[in-house]
Amino acid sequence: MPMRFLAIGECMVEFSPTPSGTYAVGFAGDTFNTAWYASQLTDTEKLDVGYLSAVGDDALSGQLTDFIEAAGIRPLMATVPGAAPGMYMIFLSEGERSFQYWRSQSAARHLADDLTALETAGEGDLLYFSGITVAILAETARDRLLAALQAAAGRGAEIVFDPNLRPRLWPASDEMCRWTMKAASVAGIVLPSFEDEAGHFKDTDEAATAARYLANGARLVVVKNGAGPILVRGADGDSFQYQPEPASTVVDTTAAGDSFNAAFLVEYMERARTREAVRAGCALAAHVIGSRGALVPVTRMDLIACR
Ligand code: ADP
């Protein structure tokens, strides 16, 4: 039986500009990016990667589901009649990217309506979600999702949370911070990014971020920090810093954290060796920031570097 890696969240339709002035249609979203990289890094006999979300019954939803399946990811998608996926458009102006989103009515906001896929999760399974997953849900749906994750943790599943703080998805910063800590409390592993955390939780350094999540119940906290050193703190006293290799080229940092999480978790699930897992995360993130876009293909050679 392969191990199961189940990511939960929203995958959106992406419209990105092409050099000829037209727009290309793609698909991306934080938790989905992580599932996509996890699926690229291993084969289906070893790891069964799934994506739990909700789509509508329109043509774009059909394309999104086909894309997920073609990437070797099992779609666990409820269908919401009359709804459509969230979307965003990328604008390029003198090399700077800006984004416009249409996601306030997206089908993924109903992803917690059907959580039967989580009922069989237990020992050997990893369930991955983020602060964005939590942000897009109604309050009752958040509670339902967190209860289902907690129950799965009780059956031995590993719950992993990336806070991915996005203030514009929340009515107020204190509400975002309160739900972030509540969501993190069901997770054994928390993978925050220091810059976001410092801005909203007033952490003075990476150690403060790690200490806050450890005190909140985490077993392992990995604090990412862009090009700076990564801090790893375990409730068992395991503690070290890891300096990522300087990236040879930084083209686009989109999905740096998402790809880091994928390689870290795939390696950690297989060998439970934290330092090797951090190294794998850094290698994949360095590859991803060297090219444009959220989903950067991983070749055999990149795979050797990342594993
Ligand atoms: P996020 O995308 O969540 O904001 P970070 O910016 O902290 O995450 O980056 C995640 C990881 O990507 C880092 O831990 C590091 O491994 C890698 N990374 C990001 N920026 C750089 C960089 N300029 N040089 C080398 N590695 C980087």
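Scroll up a little and you will see the structure.
These remarks concern the structure in this document. (Residues numbered from 1 in each chain as written. Predicted model: local features only at pLDDT ≥ 70, side-chain atom pairs only at ≥ 80, totals over all residues. Heavy atoms only, no water.)

Moving on to the overall build of the protein chain. Across its full length, the protein chain holds 11 helices and 13 strands. Against the globule reference of 19 Å for 307 residues, the protein chain gives a C-alpha radius of gyration of 18 Å, in line with a compact fold. Along the first, second and third principal axes, the C-alpha atoms of the protein chain reach 50 × 45 × 45 Å. Looking at the protein chain as a whole, 52% of its 307 residues are labelled buried. (Helix = DSSP H or I, 4+ residues; strand = E, 2+ residues; numbered from the N terminus. Rg over C-alpha atoms; globule rule 2.2 N^0.38 Å. Buried < 20%, exposed > 50% of the residue type's maximum accessible area, 1.4 Å probe, protein only.)

Our focus in this paragraph is helix α10 (residues 274-288). A rise of 1.5 Å per residue sets the reference length of α10, with its 15 residues, at 21 Å; its end C-alpha atoms lie 21 Å apart and thus fit the reference within 8%. Looking only at α10, the buried set comprises T274, A277, V278, A280, G281, C282, L284, A285 and V288. (Expected span 1.5 Å × (residues − 1).)

Judged by pairing direction, the sheet is mixed, and its nine strands sit side by side in the order β5-β4-β1-β8-β9-β10-β11-β12-β13 without closing on themselves. Edge positions in the sheet fall to β5 (74-79) and β13 (239-242), since each has one partner strand and no second. The pairing of strand β8 (residues 125-130) with strand β9 (residues 158-162) spans five bridges and is classified as parallel. Note that in β9 the partner of Y128 across the bridge is V160. (Pairing = 2+ DSSP bridges.)

Relative to the elements of secondary structure, E158 occurs in strand β9. Within the structure, E158 has its side chain in polar contact with the side chain of R219 (distance 2.8 Å). Look past the residues within four positions of E158 in its chain and what remains in contact with it is D125, L126, L127, G188, I189, R219 and Y268. (Polar contact = N/O pair within 3.5 Å; in protein donor to acceptor, adjacent residues only side chain to side chain. Contact = heavy atoms within 4.5 Å.)

Moving on, we come to the environment of K224. Along the chain, K224 turns up in the loop between β11 (220-223) and β12 (230-234). The spatial distance from the C-alpha of K224 to the C-alpha of S248 is 19 Å, given a sequence separation of 24 residues. Residues contacting K224, with those up to four places away along its chain left out, are D162, L191, P192, S193, F194, I230, G257, F260 and N261.

This part takes up the side chain of R212. Mapped onto the fold, R212 is located in helix α8 (residues 206-215). Residue class for R212 comes out buried when judged on its relative accessible area of 17%. Those residues within four positions of R212 in sequence are excluded, and the remaining contacts are M181, E197, F201 and D203.

As a further point, take unusual backbone geometry. Its identity as a non-glycine residue notwithstanding, N164 has a phi of 35°, on the positive side. In this structure, N164 sits in the loop between β9 and α6 (173-184). A positive phi angle, near 55°, is found at A272, a position not held by glycine. With respect to the secondary-structure elements, A272 resides in the loop between α9 (256-271) and α10.

A separate point is the packing of helix α1 (residues 30-41) against α9. Two numbers describe how α1 lies on α9: the axes approach to 8 Å, and their chain directions differ by 45°. Relative to α9, the element α1 lies oblique. Considering how the two elements wind past one another, α1 and α9 form a crossing that is right-handed. Touching D30, N33, T34, Y37, A38 and L41 of α1 are D258, S259, N261, A262, A263 and V266, all from α9. Grouping the constituent residues of the contact of α1 with α9 by class yields six nonpolar, four polar and two charged. (Axes fitted to C-alpha atoms, helices over the stretch in contact; angles between N-to-C directions. Parallel < 35°, antiparallel > 145°, perpendicular 65-115°, else oblique. Left-handed = near helix turned anticlockwise from the far one by under 90°. Nonpolar A, V, L, I, M, F, W, Y, C, P; charged D, E, K, R; others polar.)

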